[in-house]
Structures are given as C-alpha cells and as structure tokens.
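Take a look at the letters that make up each chain.
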Amino acid sequence: MALLTLAGICKYYRQGSHEVRALHGIDLVVDKGEFAALVGPSGSGKTTLLNVIGGLDTPSAGSARLDGTEITRLGESALSDFRLFELGFVFQAYNLVPVLSALENVELVMVLQGRSAADRRRRAEHYLHLVGLDEAMHRRPSALSGGQQQRVAVARALAAGPRLVLADEPTANLDSENATALLDIMHSLSHQDETTFIFSTHDPRVMERAERIITLRDGTIESDERLERHHSQRAAS
Amino acid sequence: MSARHGRLPVATLAMLAWRNLWRNRRRTLITLTTIAFGFGLSVLLIGLNDGGHNSMIRNAINMGEGHLTVQPPGYLESPANHRYLADGARLSSLLGALAVAGGIEPRISLQVLASTAHNSVGAGLEGIVPRGDSRARMLEPALVGGEWLEEGDARGIVIGDGMARKLKVPVGGKVVLMAGERGGDTQAQLARVRGIFDSRVDELDDFLILGDLELARRFLVGEGADPEREPVTRFAVFLDDPDSVTYWKRAVSSALAGESAVALDWREMMPQLVQFIAVDDAGAYVFLVLVLIMVVFGILNTVLMSVLERTREFGLLRALGLGRRQLLMLVCCETLALSVLAVVTGWVVGGGAHWWLSRHGVDFSALISGGTAIMGTFMDPVVYTELSAGRVWQLTVIVFVATLASGIYPALKAVRVTPVQALRT
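Within each chain, residue numbers correspond to sequence positions counted from 1 in written order. The naming scheme follows written order: chains are lettered A onward, ligands numbered 1 onward. For this predicted model, a pLDDT threshold of at least 70 governs which residues receive local features, and a threshold of 80 or more governs which side-chain atom pairs are given and counted, while totals over whole chains, interfaces and linings are taken from all residues.

(A) Structural view of the overall build of chain A. Along the backbone of chain A there are eight helices and ten strands. Relative to the compact-globule value of 18 Å for 237 residues, chain A shows a C-alpha radius of gyration of 17 Å, a close match. By principal-axis analysis of the C-alpha atoms, chain A measures approximately 50 × 40 × 35 Å. Residue burial is a threshold on neighbouring C-beta atoms within 10 Å of the residue's own C-beta, all placed from the backbone, with 20 or more meaning buried, 12 or fewer meaning exposed, and counts in between meaning partly exposed. The proportion of buried residues among the 237 residues of chain A is 47%. Here, residues touch in the contact sense if the C-beta positions derived from the backbone fall within 7 Å of one another. Contacts in chain A between residues far apart in sequence, at least 24 positions, make up 69% of those at least 6 positions apart. Numbering goes from the N terminus for both helices and strands, where a helix is a DSSP run of H or I of at least four residues and a strand is a run of E of at least two. Our radius of gyration looks at C-alpha atoms and nothing else; its globule reference is 2.2 Å times the residue count to the power 0.38.

(B) Structural detail: the packing of helix α10 (residues 271-309) of chain B against helix α12 (residues 324-360) of chain B. Residues and elements named next belong to chain B. Axis definition: a line fitted to C-alpha atoms, over the contacting stretch in the case of helices. Angles run 0 to 180 degrees between N-to-C directions. Two numbers describe how α10 lies on α12: the axes approach to 11 Å, and their chain directions differ by 145°. Note that α10 runs across α12; the crossing there is right-handed. Contact with α10, carried on its side by Ile299, Thr302, Val303 and Val307, involves Val331, Glu334, Thr335 and Leu338 of α12 and no other residues of that element. Each residue is assigned to one of three groups, with Ala, Val, Leu, Ile, Met, Phe, Trp, Tyr, Cys and Pro labelled nonpolar, Asp, Glu, Lys and Arg labelled charged, and all others, Gly among them, labelled polar. When grouped by side-chain class, the residues that make up the contact of α10 with α12 number five nonpolar, two polar and one charged. Handedness of each helix crossing follows the sense of rotation of the near helix against the far helix: counterclockwise by less than a right angle gives left-handed, clockwise gives right-handed.

(C) Focus on the sheet that holds strand β7 (residues 164-168) of chain A. Residue and element names in this part refer to chain A. Read from one edge to the other, the open sheet built from six strands follows the order β6-β7-β8-β3-β9-β10, with strand pairing classed as mixed. Each end of this open sheet is capped by a strand with a single partner; those strands are β6 (87-90) and β10 (220-226). The sheet shows a mean angle of 15° between the axes of neighbouring strands, direction not considered. Strands are treated as partners if at least two bridges between them are detected by DSSP. As paired strands, strand β3 (residues 35-39) and strand β8 (residues 196-201) are joined by five bridges and run parallel to one another. Among the inter-strand pairings, alanine 36 is bridged to a residue of β8, identified as isoleucine 198.

(D) Inspection of the sheet that holds strand β2 (residues 18-31) of chain A at higher detail. Residue and element names in this part refer to chain A. With respect to topology, four strands assemble into an open sheet ordered β2-β1-β4-β5, the strand pairing being antiparallel. Each of the sheet's edge strands pairs with one partner strand only, and the pair in question is β2 and β5 (69-70). Two elements, strand β1 (residues 2-15) and strand β4 (residues 61-66), share five bridges in a ladder whose sense is antiparallel. When the sheet's bridge partners are listed, leucine 4 is paired in β4 with leucine 66.

(E) Quick look at the packing of helix α1 (residues 10-21) of chain B against α12 of chain B. Residues and elements named next belong to chain B. For the pair α1 and α12, interaxial distance at closest approach is 8 Å and the crossing angle is 60°. Considered as vectors, α1 and α12 are oriented oblique to each other. As α1 packs across α12, the resulting crossing turns out to be right-handed. Where α1 approaches α12, its residues Leu13, Ala14, Leu16, Ala17, Trp18, Asn20 and Leu21 are matched on the opposing element by Met329, Leu330, Cys333, Glu334, Ala337 and Leu338. The class makeup of the residues in the contact of α1 with α12 is eleven nonpolar, one polar and one charged. For classification, angles of less than 35 degrees are called roughly parallel, those exceeding 145 degrees roughly antiparallel, those between 65 and 115 degrees roughly perpendicular, and all remaining angles oblique.

That's the geometry; what it means functionally is another story.
Below is the structure:
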C-alpha cells in the first residue's frame, strides 16, 4: 500500500546566472513499512529530495503526497503541524537541543504534540531503552558520544509516532561500530513499529541493510532496486 | 491528515528560555551586571534629583506661602497693598471649621520702602505670628545677631544680613517703613531691628523683613481696613500630608465659595520653581535615556549573539514541528527572562543604594560652599534620595519595556530563517 507518492518532482534554483537542476522529474512510490535508502554521489539530489518529502523545501514543480495529503500545497503553519505529527527526522549531526537532557529531547516533540506528561514519559523511556540508553537518559548532549546522540535522535523520531522517518546521512559522522549499531537499531524499530524509513547515504554499510536502494544521479532516479533477501530476512524476523 | 495543531506549553517555553539564557553564563552575567549598574545609577540619579527637588519644594513651601494659599482674587497677577482680605476673622473661622490636617497661618505681605539715615531699599514686609509661623521656625536658628520677635511687639522687626548691610543698621537700630496708599499718599511706621538672620538665600537676606502681624496691620488700617475684623493679605495652609493638596484645595475652595478669596496651591503660587524643576528633570531624563540606550544595546547584543549562534538549532526545531510563532515566543521569552532579571538585579543594586542614601544622605556642602539658593528657595546641603511609588513604577516600566523591545529584532531575525537555510549552516 503506497504511503508516499512523488510525481514529476523538480527542484531548480539559480546560482548566479546559472540554473541548477537539483531534482528533475522524480517519480517515486514508497510503501508503508519500507526501509529504503537514497544513494548517489554528492550533489546527486539526495538531501534536496528528503527536504521536499519532509516539507522543509518546496519543489519547483510536481506533486508529493503522503497518505493522501498533498505536501506541496500546505501552508507554512500546516507544514509545521504536518512535520510534527506525521514525520520524524534524523539529521547528520547536531540533532539535539543542547539545553535538554536525552529524555527531554525525546519528549520535546511529544510536548509539542500535546501528549500527556505520563504518556510522553512512558514512550520516551521506552524508546530510549530500545536504543540502549537507559543509563544515559538524563545526560545532556554534551555528555553523550556522537553515536549516543544519533540514537537519541532515532528514539525521538520514533517516540512521536510518525508515519515516515527521514534520515539524512545518519551515520556520516559515526565510526564503523556505532554506525552498524545505529542501523541495526533503526532496522529493528522499523520492523517493530512498521514505520517507513527513507534515509540518504553513500555509506556501503547502510546500503547493506537497506531493503530498497534508490540511486540518484544529477537529480534523476538512475535505478530503483528492491532487495528480496532483506524482505525474506524481515519475514523471518 | 488530521487537523491537529502543535502547541508549546508555557512551562516548557519558560524552561527552555531560562536554560538558553544561561547557556553562555559569562555573557549573561556581564550583560546583567552592565544593565544592573546602569539601572542602579539611574535609580540613584533620579532619587537624588527628586530628593533635591523635594527639599527645595519643602523649603519653598515653609519659607513661602504653604501648600495652599488663600488670598484675594487677582493678587498673584497684580500684588498691591490695597488688595487684602478685609474680614480675616470670618475667613479664619471658616478655615478653622474645616479642621485641616496641618496648620493655618495668617499673614500680611506688603511691599514697603525701608529707610535709614544711610540708605533706602525696597523690601517685602511679612507680618506673622512670631512664635507660630513656619518661617520663624526656619529663620530663628539662622539668627546671627540680636534676638527673635516677641508676641505683641508692634515695633520690632527681624531683617537679613544683606539688608542690614545695605541700610547700615545694627541690632537695635531704627528703620522707617513706608508704603504707598491707593490714593497716592504715603504712610510710614517706625520699626526697630530686634535681630539679624543669615539664611544663605540672597532673596531672603536682601529683601525680607519680618514683623508682628500688628505692625503690618497698621498699614492695612491706613488703607481703610477695620482692625476689629482682623484683616490679613493671606492665609498660608500647611498640610501634614503633602500629597493631599488636591483634596484640601477642593475643600478650602468649597468653604470659600461666595467669599472674596481664592485658594491656590504651591504650584500656582511658584510657577518659576515648577518650571525650574521641570527643566532640571529634563536633564535627568536625558541621562536616563543614555542609560536606556546602554541597556538596550546590552540586551540586543546578548540576545542577537545567542540567536545567531543557534541558527542551526532553530532550523532543527522548525524541522521538528515548532511553528514560527512558537519560535518567536521562545526568543521573546528569553528576552523577557533577561528583562525581569535585569530589572530585579537593577533594583537590588539601585534600591540598596537608595535605601542607604535615603537614611544617610549625600553631603554636598563641600561642593557648594557658596550657598544652595535657587529660585528664591534653597536646597539642604545634605540631600537624601527620595523615590515615590510612582517613580519606582515609572522606572521599572521604562527599563522593562526598553529591554523587552530590544529583543524584537533578534526574535524577528530568528523566525525569518527557513529550516533548510538553517540546517545548511
């Protein structure tokens, strides 16, 4: 069942007198529960595409629908609410609010959603437990390692109950051990909550765990490959 | 998609603002110290200014015509010896019935020419009750020769040392007081100098002659007044509570309805002094504005730096679903917290200094050895800071609003950033 449908997405911008085609004619359908990787060289349009899907950037042309909602037609305020209730974000770095503890960072989005204190505390503790941060939940970001910070970001993204989690190079700043651990956590939670993940990467370790690899080049989709072995692993799990 | 909306509870807003404020502890402390110091200075300056002015006003009221003056209509605009309150006894009874919280003093003020064998000078003769008048209480300690007037001494006068020098008259010397009559004739009374005072106010020392009511009343009788009706030129009303002037002015005016007399308050009686204080206040306000500019730039610097440093974080918050308005509220709340802290710290510094100086005062006597006479009154050499409740409120609101307003630009700058721009930084 299609969760996300992109049709003819284009994103052009000017750089001096030069027009840059960041995205050109992107058509893509992502089903609910998919764990998909956007791959491609730097400048291929991965981050721009994630920004368009996340309502952080507006396309020059085309349509982006999430579960029936036309994202490109939402106004400023509606987009904020859309991101708050429907999406989760994990960025490459500096994901957390420095003045809040790990627990408070995870709770923040749920506070904005208007969830009760008891509900958000229960969910925040649950997801921090799932990402293995029981002992560190009261620490501020400055007292957490890069890998721990990314895990907090994943816990925050999932605890708010989004339909879709967008991760922009989540392992780019992590060492191999931490990157693998983070991907395993994301993969496992994706299956557990049936949450759809789309993440950009050019990290082979990430690609190994993806169930679908969408390759971008010069703003267009070069290939779109579903990897059956991961589906079978998933069915087995 | 459901029509759910994000919200930022006040408790979370306040918690975030407070923690953000202390992210750069040193910068916030330096800013707070600057603001508190500036605000404290303003409180002191305004307090000293008000203290000095109030001292001048109190002295002017005591040396002059009281908080309220009852006198013939038109006397202020055109003072003349033939303008007097013919039935002083009746007016005294009417005023006495009001049971004014304070005191009422009958007075006779006349313009005379004081002459000796050596010289003649224009003077103001003030007929008073020698032992009950407020001027007597202020000038008796300033006697530098002779003694004070006694009740019923219909020939005795007390003059300032300036006039004594001009007339070349010692204590015990004779002075002829002459006054013009309405018909054009002149009347004269012989007086004897009982004492000489040095008030350090030139206008008093060179011009004032104090005598018993009976001495001055002889001139009114010469103008045709009936001495049995105890004529006077005015009644000076002194109030225990200076803030009750408006109330008592209304009460006295009502009591005098139908009488040929009007009640004026000290502001109407001394318009030059009021104007002088207004001009002097303007100077203090200029200083206050300079301090406010310092305060505004202090806050602007702190909040703007804090905003510019957190561009990426604002992008993150916006990406997570924080609306522009909520972000605006967050930055405004940080400014609000800084403003509240600044005002509280400022009041601790300035209020503490005011508390001490309102009890011990600042002694300016070394700086103003030439006297403190201004506009016909004088300022006590030791000035105590004074701040009325209205002044406290005014200063607080001004600084609070100025600091709050200084956060508007950084707040607008923060909300203008788009998430994509911010996350690229």
